[in-house]
Amino acid sequence: TSMITARAKQALRAGLSAGALRFQRNLSVAPSSSATLPSEARVVVVGGGVIGCSIAYHLAKKTDGVVLVERDQLTSGTTWHAAGLMVTYGSLSETSTNIRKYSKQLYEDLEHETGQSTGLNKCGFIELAVNKDRLEEYRRVAAFNRKCGVDVQEISAAEVESLFPLARTDDVLAGFYVPDDGRVNPVDLTMALAKGAKMAGAELISGVVVDRVLEDE
């Protein structure tokens, strides 16, 4: 879920430069659906999972004419059984780290914006180093992440056990702990993004199968 924003921005650049996209013959409506498609849209997002709804949300903040189509129901693909981890620690890319930080803040702000819970639970995150090579790597990552504003702390095996008593810590050299990382509920998050997209003017249509995409010659 932390890469959602980058994909949204990429879609924005591609979608707006392509201009209005016409639906005729590009999309087919599933037989069980009573959905009515608009005749045209400025941007079409295919797929109503967490990534598709995030793209629609971010695009709708920037332009009108955003339409999302989903072949079944929102979250009915892989989103509903995703782990929902929301972790800012772990990247050596400043861009990726900033996207992770933005995503965590977004998931908190969405609840206030839409009234829909995202299931955000800042229960904390621990990365375990169980050999010297991992310890060196994680210390390097931690130093970089701190530079980027991530509050990551190196903790002992005893502290790991205190925070998470179920863990076996006899081979743990150190843990790298971010107190306010955690998880979201993937379905709730998607519904919050969908609601935010609709509030910003996007149209979300379920029961629509994308048959093919036509390109102007």
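Residues numbered from 1 in each chain as written. Predicted model: local features only at pLDDT ≥ 70, side-chain atom pairs only at ≥ 80, totals over all residues. Heavy atoms only, no water.

Student: What should I look at first to understand the pairing of strand β4 (residues 43-46) in this one?
Tutor: The side chains of a regular strand alternate, first on one face of the sheet and then on the other. A one-sided burial pattern is seen for β4, the buried positions being V43 and V45 and the unburied ones V44 and V46. Here β4 pairs with strand β5 (residues 66-70) via four bridges, running parallel. Residue pairing in the sheet places V45 in a bridge with L68 of β5. With helix α2 (residues 50-60) bridging β4 and its parallel neighbour β5, the resulting β-α-β unit is right-handed. (Buried < 20%, exposed > 50% of the residue type's maximum accessible area, 1.4 Å probe, protein only. Helix = DSSP H or I, 4+ residues; strand = E, 2+ residues; numbered from the N terminus. Pairing = 2+ DSSP bridges. Right-handed = clockwise from strand over helix to strand, strands pointing away.)

Student: Whenever I open this one, the nonpolar core confuses me. Can you help?
Tutor: As a rule of thumb, nonpolar side chains are buried together in soluble globular proteins. Membership of the largest hydrophobic core comes to 24 residues, with the highest contact counts inside it found for V45, L68, L110, L189, L193 and L204. Contributions of two or more residues to this core are made by β4, α2, β5, α3 (94-114) and α6 (186-199). In terms of residues, this core owes the most to one element, α2, which gives seven residues. In contact with L68, other than residues within four places in its own chain, are V45, G47, G48, G52, C53, A56, L74, E203, L204 and I205. (Core = buried A, V, L, I, M, F, W, Y, C linked by side-chain atoms within 4.5 Å. Contact = heavy atoms within 4.5 Å.)

Student: Just checking my understanding: could you explain the environment of F125 for this structure?
Tutor: Mapped onto the secondary structure, F125 falls in strand β7 (residues 125-129). Assessed through its relative accessible area of 18%, F125 is described here as buried. Sequence separation of F125 and R183 is 58 residues, and the distance between their C-alpha atoms is 9.0 Å. Setting aside chain neighbours within four positions, we find F125 in contact with V87, Y89, F176, Y177, V178 and D181.

Student: When you look at the pattern of salt bridges in this model, what are you seeing that I'm missing?
Tutor: If charged atoms from side chains of opposite charge come close, those side chains can pair. Evaluation of the coordinates by the stated rule reveals nine salt bridges. K61 is the partner of E113 in a salt bridge, and the nearest nitrogen-oxygen pair spans 2.7 Å. Here the residue E113 occupies a position in helix α3, and K61 occupies one in the loop between α2 and β5, the gap between them amounting to 52 residues. Its relative accessible area of 29% is what places E113 among the partly exposed residues. K61 gets classed as partly exposed once you look at its relative accessible area, which sits at 45%. (Salt bridge = Lys/Arg side-chain N within 4 Å of Asp/Glu carboxyl O.)

These results come straight from atomic positions and should not be treated as a statement about function.
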